[in-house]
Amino acid sequence: MGFARTCSVALVGVDGVVVEVQADLEPGISAFTLVGLPDKSLTESKDRVRAAVVNSGAEWPQKKLTVGLSPASVPKGGSGFDLAIACATLGACERIDPRVLADIVMIGELGLDGRVRPVRGVLPAVLAAADAGYEQVVVPECAAAEAALVPGVSVLGVRSLRQLVAVLTDEPVPDEDPDERGRTDPLAGLRLPGTDAATGMHGMGAAQYDHGHDLADVVGQLSARTAVEVAAAGGHHLFLEGPPGAGKTMLAERLPAVLPPLGRGESLEVTAVHSVAGLLPPGKPLVGVAPYCAPHHSATMQALVGGGQGVARPGAVSLAHRGVLFLDETPEFSSHALDALRQPLESGRVVIARSAGVVRFPARFLMVLAANPCPCGRFSQRDSLCECPPAAIRRYQARLSGPLLDRVDLRVEVDRVTRSQLMERGARGESTETVADRVRSARERAAARLADTPWRTNSEVPGRELRSRWHAAPGAMDEAEHSLERGVLTVRGLDRVLRVAWTVADLAGRDRPGAADVTLALQLRTGVPRGVPMAIGASA
């Protein structure tokens, strides 16, 4: 009788559970039994592993083979267990010393010819292995750079099962031809068909906006530009309402480049989510800039918040973690899908309950909503170009529920661009670089104030903490409190006005918000003009 064990990782959302892969050989009719709550794709690994072992030059044991995945109560799926199952089997038949395998975590899919193929979720799997105390990890060679992002772990990247067996047995390592560069590998299986279209992940993060997209390209729209700056500095959600062609999408596309670069911890969080979704671009294992996600209005609730059949996948809100989620033509989205955003907007994470268990995905994103004022898009208080009946306008605007809008800190009406504004020379606004520098300074000022707290931006601070620990100037909140008494603001709205006021003060370099800062925050919150200039800092 032979026995060997090694380890792999089962992913539950972006959290990993180290699984012990045990192989046991007993005399009897040749058979292969896999136990431990595997799914269909994992059950099929029996045929993949057998073919890979034989085509790698090793002999398949002609005995009764039982492979157990422990703990057996954790659901397991995917093809990432292939490498561990193959090595445990070779250890049980003494092709590999079982003692060498015991403390190694192996992650990878096997092709029928023995090649080691990439799988989703390498980074969160290695993070889970490191948290469990393992120091040696074997991954596909193309995923070695991603696995090496985890400190304190020795990573071995292999191209084939033959190479791994040679390394573990101290034999000469055979040469394997690398995959051809510059072409998509159809066997990788990391990107589901239509993934980019469903989530709006066109490109990776803000890098695509650094050169061709500049805030200076936006003509006029001082109020909207100010709102974008405040949203970036404090992480506040933004609602842009205006006619078609006014620049709502232009502003949203330029927002990611205004956000500061991601810190090391934030980059690992974002990379883990994109790794699970299979959206990491080749050659870029670490996401260092804020992601930008703009799903189409036909997206389902599962596409927005995550889920789906079988293993739950991260949705658009998780792919936009630490970045921007842009919902263009927001009233055209399903009301159920929009209302599903209310919980992640408050908690910063998505909790998906299924019969097999609960999956959690991070979802701390900056949401930008864009909508036309009416079905034809021409309704305005200043002119009468709209031909929609009042009832149609009310129905159209009612598609955005009050509880959802109550969670949006900034509401701005984007005006129609006039001919004089478009043709005026020398009227370009501030560039993205200038605004980003001011946003970075405001973030640093807020980070210094929140250094000993679990919060990073003003939008994350609970209202009770703002009222009890960080006070506005005397009398600064009087107008906002009167709005609460008149029913213009809810209690949640009052707290959000105070958060925005702190962001305005940080942008202006003040120690605490004054009456003018609160008035501007109230104007941004309600969309009602209150006689204060819509400009901050150098633009004031």
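Just above, that's the structure.
Residues numbered from 1 in each chain as written. Predicted model: local features only at pLDDT ≥ 70, side-chain atom pairs only at ≥ 80, totals over all residues. Heavy atoms only, no water.

Side note on the overall build of the chain
Note the following rule: Secondary structure elements are defined from DSSP: runs of H or I of at least 4 residues count as helices, runs of E of at least 2 residues count as strands, and each element is numbered from the N terminus. We call two residues in contact when some of their heavy atoms are within 4.5 Å. Areas reported here follow the Shrake-Rupley algorithm with a probe of radius 1.4 Å; residue values treat only the protein chains shown as occluding. Asp and Glu are treated as the negative residues and Lys and Arg as the positive ones, with His and the ends of the chain left uncounted. By convention, the charge on Lys lies at NZ, on Arg at CZ, on Asp at CG and on Glu at CD.
Scanning the chain from terminus to terminus reveals 23 helices and 16 strands. Dimensions of the chain along its principal axes, counting C-alpha atoms only, are 85 × 50 × 45 Å. Considering only intrachain contacts with a sequence separation of at least 6, the fraction spanning at least 24 residues in the chain is 72%. Per element, the accessible surface of the chain, about 24200 Å² overall, is 51% carbon and sulfur. Each charge sign in the chain was given a centre, from 58 positive and 62 negative side chains, and these centres are 5 Å apart.

Some thoughts on the sheet that holds strand 16 (residues 410-413)
Condition: At least two DSSP bridges between two strands are needed for those strands to be called paired.
Strand order across the open sheet formed by 5 strands is 11-12-15-10-16, with parallel pairing between neighbours. Both outer strands of the open sheet, strand 11 (292-293) and strand 16, are each paired with one neighbouring strand and no more. The pairing of strand 11 with strand 12 (residues 324-327) spans 2 bridges and is parallel. Bridge pairing in strand 12 links Tyr292 to Val324.

Observations regarding the packing of aromatic side chains
We describe a pair of aromatic rings using the distance from one ring centre to the other and the angle between the two ring planes. Our working definition: In summary, the pairing rule links any two rings of Phe, Tyr or Trp, Trp by its six-membered ring, whose centres are within 6.5 Å, and it sorts them by plane angle into stacked for under 30 degrees, edge-to-face for over 60 and tilted for everything else. Classification of residues uses two cut-offs on accessible area relative to the type maximum, computed with a 1.4 Å probe and protein chains only: under 20% is buried, over 50% is exposed, and between them is partly exposed.
Scanning all chains against the criterion turns up 1 aromatic pair. Ring plane angle 40° and centroid distance 5.6 Å describe the contact between Phe32 and Trp60, whose orientation is recorded as tilted. One end of the pair, Phe32, is in strand 3 (residues 31-35); the other, Trp60, is in the loop between helix 2 (45-55) and strand 4 (64-70), and 28 residues separate them in sequence. Summarising the burial analysis for this pair, Phe32 and Trp60 share the class buried.

Re the pairing of strand 3
The two faces of strand 3 differ: Phe32 and Leu34 on one face are buried, but Ala31, Thr33 and Val35 on the other face are not. Here strand 3 pairs with strand 4 via 5 bridges, running parallel. Following the sheet pairing, Phe32 is matched in strand 4 by Leu65.

Examining the packing of helix 9 (residues 222-234) against helix 19 (residues 432-449)
Each pair of packed helices can be described by the angle between their axes along with the distance between the axes. The criterion, for reference: For helices, the fitted axis covers only the stretch in contact; all axes are lines through C-alpha atoms, and the angles between them, taken along N-to-C directions, range from 0 to 180 degrees. For classification, angles of less than 35 degrees are called roughly parallel, those exceeding 145 degrees roughly antiparallel, those between 65 and 115 degrees roughly perpendicular, and all remaining angles oblique. Two helices cross in a left-handed way if the nearer one is turned anticlockwise from the farther one by less than a right angle. They cross in a right-handed way if the turn is clockwise. Under the scheme applied, nonpolar residues are Ala, Val, Leu, Ile, Met, Phe, Trp, Tyr, Cys and Pro; charged residues are Asp, Glu, Lys and Arg; polar residues are all the others, including Gly.
Their axes nearest at 8 Å, the elements helix 9 and helix 19 cross at an angle of 40°. When the axes of helix 9 and helix 19 are compared, the pair comes out oblique. Considering the relative orientation of helix 9 and helix 19, their crossing is right-handed. Along its contact with helix 9, which presents Glu229, Ala232 and Ala233, the element helix 19 presents Val435, Arg438, Val439, Ala442 and Arg443. Its residues placed into classes, the contact of helix 9 with helix 19 shows 5 nonpolar, no polar and 3 charged.

Some words on helix 2
Under the convention used in this document: The directions from the helix axis to the C-beta atoms form the arc being described.
Looking only at helix 2, the buried set comprises Ser45, Arg48, Val49, Ala52 and Val53. When helix 2 is viewed along its axis, its buried side chains cluster within an angular range of 125° and face the same direction. In the core, the buried residues of helix 2 are packed alongside strand 3, helix 1 (40-43), helix 3 (82-92), strand 6 (109-110) and helix 7 (161-168). Two residues or fewer after helix 2 comes Gly57, characterised by a positive phi angle close to 95°.

Describing a nonpolar patch on the surface
Condition: For patch detection, residues must exceed 30% relative accessible area and be free of salt bridges, and they are connected within 9 Å for like charges or within 5 Å for nonpolar side chains (Val, Leu, Ile, Met, Phe, Trp, Tyr). When a carboxyl oxygen of Asp or Glu lies within 4 Å of a side-chain nitrogen of Lys or Arg, that pair is called a salt bridge.
Together, Leu156, Val167 and Val173 line one region of the surface with nonpolar side chains, adding up to about 200 Å² of accessible area. Considering the arrangement of structural elements, one finds Leu156 in strand 9 (residues 154-158).

Topic: the packing of helix 19 against helix 22 (residues 491-508)
Between helix 19 and helix 22, the least distance of the axes is 8 Å, while the angle of their chain directions is 115°. Between helix 19 and helix 22 lies a crossing whose hand is right-handed. Counting all contacts with helix 19, which are made through Arg438, Val439, Ala442, Arg445, Ala446 and Arg449, the residues of helix 22 involved are Trp502, Asp506 and Leu507.

Some details on the pattern of salt bridges
Throughout the structure, instances matching the rule amount to 29 salt bridges. A salt bridge links Glu171 to Arg95; its shortest N-O distance comes to 3.5 Å. Of this pair, Glu171 sits in the loop between helix 7 and helix 8 (195-199) while Arg95 sits in the loop between helix 3 and helix 4 (98-101); the two residues are 76 residues apart in sequence, bridging distant segments of the chain. Judged by its relative accessible area of 34%, Arg95 falls in the partly exposed class. In this structure, the salt-bridge partner of Arg467 is Asp495, at a minimum N-O distance of 2.2 Å. With Arg467 in helix 20 (residues 463-469) and Asp495 in helix 22, this residue pair connects regions lying 28 residues apart in the sequence. Overall, Arg467 belongs to the partly exposed group, its relative accessible area being 42%. Under the relative-accessibility criterion, Asp495 is labelled buried at 13%. When salt bridges with common partners are traced through the structure, they connect Glu346, Asp406, Arg407, Asp409, Arg492, Arg496 and Arg525 into a single cluster.

Some thoughts on the side chain of Thr526
Keep this limit in mind: The definition of a polar contact used here is a pair of N or O atoms within 3.5 Å, where within protein one atom must be able to donate a hydrogen and the other to accept one, and adjacent residues in sequence count solely through side-chain atom pairs.
In this fold, Thr526 is placed in helix 23 (residues 515-526). There is a polar contact of 2.8 Å between the side chain of Thr526 and the backbone oxygen of Leu522. Residues contacting Thr526, with those up to four places away along its chain left out, are Val488 and Leu489.

Points about the nonpolar core
Our working rule: Residue types Ala, Val, Leu, Ile, Met, Phe, Trp, Tyr and Cys, when buried and joined through side-chain atoms within 4.5 Å, form a set referred to as a nonpolar core.
Val230, Leu238, Leu240, Val368 and Leu524 are the most contacted members of the largest nonpolar core, which totals 54 residues. Broken down by element, the residue count for this core peaks at 8 residues, all from helix 22. Not counting residues within four places of it along the chain, the set of residues in contact with Val368 comprises Leu238, Leu240, Ala252, Leu255, Val324, Leu325, Phe326 and Leu327. One finds Trp60, Ile96, Val116 and Leu161 within the second-largest nonpolar core, a separate group that totals 38 residues.

Thoughts on the side chain of Arg254
Here Arg254 lies in helix 10 (residues 248-258). A polar atom in the side chain of Arg254 sits 2.7 Å from the backbone oxygen of Asp214.

A short note on the environment of Ser275
Here Ser275 lies in helix 11 (residues 264-277). Between the C-alpha atom of Ser275 and that of Ala125, which follows or precedes it by 150 residues, the distance is 9.9 Å. The residues contacting Ser275, other than those within four sequence positions of it, are Arg120, Gly121, Val122, Leu123, Pro124, Glu146 and Leu280.

Regarding unusual backbone geometry
Here the residue pair Ser70 and Pro71 is connected by a cis peptide bond, since its omega of 5° sits within 30 degrees of zero. In this fold, Pro71 is placed in the loop between strand 4 and helix 3. Positive phi outside glycine occurs at Glu94, with the angle close to 65°. Relative to the helices and strands, Glu94 is located in the loop between helix 3 and helix 4. Of note in the backbone geometry, Asp170 takes a positive phi value of approximately 60° without being a glycine. By secondary structure assignment, the location of Asp170 is in the loop between helix 7 and helix 8.

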